[in-house]
Amino acid sequence: MDSKEFKKIFGEVAKSYGFERAFGGWFKDSAESIVVLDLQKSNFGDYYEMNVKIYVQGMFGNSYSKSKNLVKRDIGNIFRRQPYEYRSVFDEPMNDEERNTDLIKLFSDFIVPFTDKALLKSGIKELAEKGEITLLPAVREELYKDNK
């Protein structure tokens with residue numbers, strides 16, 4: 001898979017869905033959180049993993065802004081990868097037209113609905129309750145502390 005071409009196609013689709021490219025990743029943010037999409041090239045084969053990182057504003061006293069650290073160093077307050085059923089988009093040989101079609105489906109069926117929820121604390125709670133994300137105990141406690 002040509003890395004440069006894949007990132008170009010991914011970026012075009014991400015931009016069409018309102019993501020902003022910066023620091024090697026794609027961002028969408030709200031007053032409550034920042035969602036970062038980061039393509040990570042595998043060391044074990046010719047494929048990528050899509051890291052989805054959520055940074056919740058105010059979590060552990062932190063205020064987040066778009067930066068290279070959010071893309072390349074940190075894993076976020078909440079982390080997940082692409083759903084298994086979209087694995088082929090990132091690792092199987094296909095022509096650009098097929099990949100573009102599959103990326104559009106990935107964004108419309110998973111990334112956009114997931115991100116819309118992840119941009120709100122109430123949506124993050126909903127994602128956790130449905131099992132779409134796993135909250136570490138400290139993150140769960142911090143997220144729900146206002147409800148005590």
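Everything that follows concerns the structure shown earlier in this document.
In what follows, the accompanying structure is described. All residue numbers refer to position in the chain's written sequence, counted from 1. Local features are withheld for residues below a pLDDT of 70 in this predicted model, meaning they are given only at 70 or higher, and side-chain atom pairs are given and counted only at 80 or more; totals for whole chains, interfaces and linings count all residues. Side-chain calculation: all heavy atoms of the structure are included, whereas hydrogens and water are not.

**Let's talk about the environment of phenylalanine 107**
Here phenylalanine 107 lies in helix 4 (residues 96-118). It only takes one pair of heavy atoms within 4.5 Å for two residues to be counted as in contact. Apart from residues lying up to four places away in sequence, phenylalanine 107 is in contact with Phe10, Val13, Ala14, Tyr17, Phe19, Leu37, Val112 and Pro113. Counting from the N terminus, the helices are the DSSP runs of H or I reaching at least four residues and the strands are the DSSP runs of E reaching at least two.

**Some details on the sheet that holds strand 4 (residues 48-56)**
Two strands pair if DSSP finds at least two bridges between them. The 5 strands are arranged 1-2-3-4-5 in an open sheet whose pairing can be described as antiparallel. Only two strands of the sheet have a single partner each, and these edge strands are strand 1 (20-22) and strand 5 (78-81). Averaged over all adjacent pairs, the angle separating strand axes in this sheet is 25°, with direction ignored. Pairing between strand 3 (residues 33-41) and strand 4: 9 bridges, direction antiparallel. Across the sheet, isoleucine 34 pairs through a bridge with tyrosine 55, a residue of strand 4. All axes here are fitted lines through C-alpha atoms, helices being fitted over the stretch that makes contact, and every angle between N-to-C directions spans 0 to 180 degrees.

**A look at the pairing of strand 3**
Categorising residues by exposure relies on relative accessible area from a 1.4 Å probe, with only protein chains included: less than 20% of the type maximum marks a residue as buried, more than 50% marks it as exposed, and the intermediate range marks it as partly exposed. Within strand 3, 7 of the 9 residues are buried, which leaves it mostly tucked inside the rest of the structure. Sheet topology note: the strand 2 (residues 25-29)/strand 3 ladder contains 4 bridges and is antiparallel. Counted as the bridge partner of phenylalanine 27 is valine 36 from strand 3. Two successive antiparallel strands, strand 2 and strand 3, enclose a turn made up of 3 residues.

**Regarding the pairing of strand 4**
Along any regular strand, the residues point their side chains to alternate faces of the sheet. Burial runs high along strand 4: 9 of the 9 residues are buried. In sequence, strand 3 turns back onto strand 4 through a hairpin of 6 residues. Relative to strand 5, strand 4 runs antiparallel, the two sharing 4 bridges. Looking across to strand 5, one finds that isoleucine 54 is bridged to isoleucine 78.

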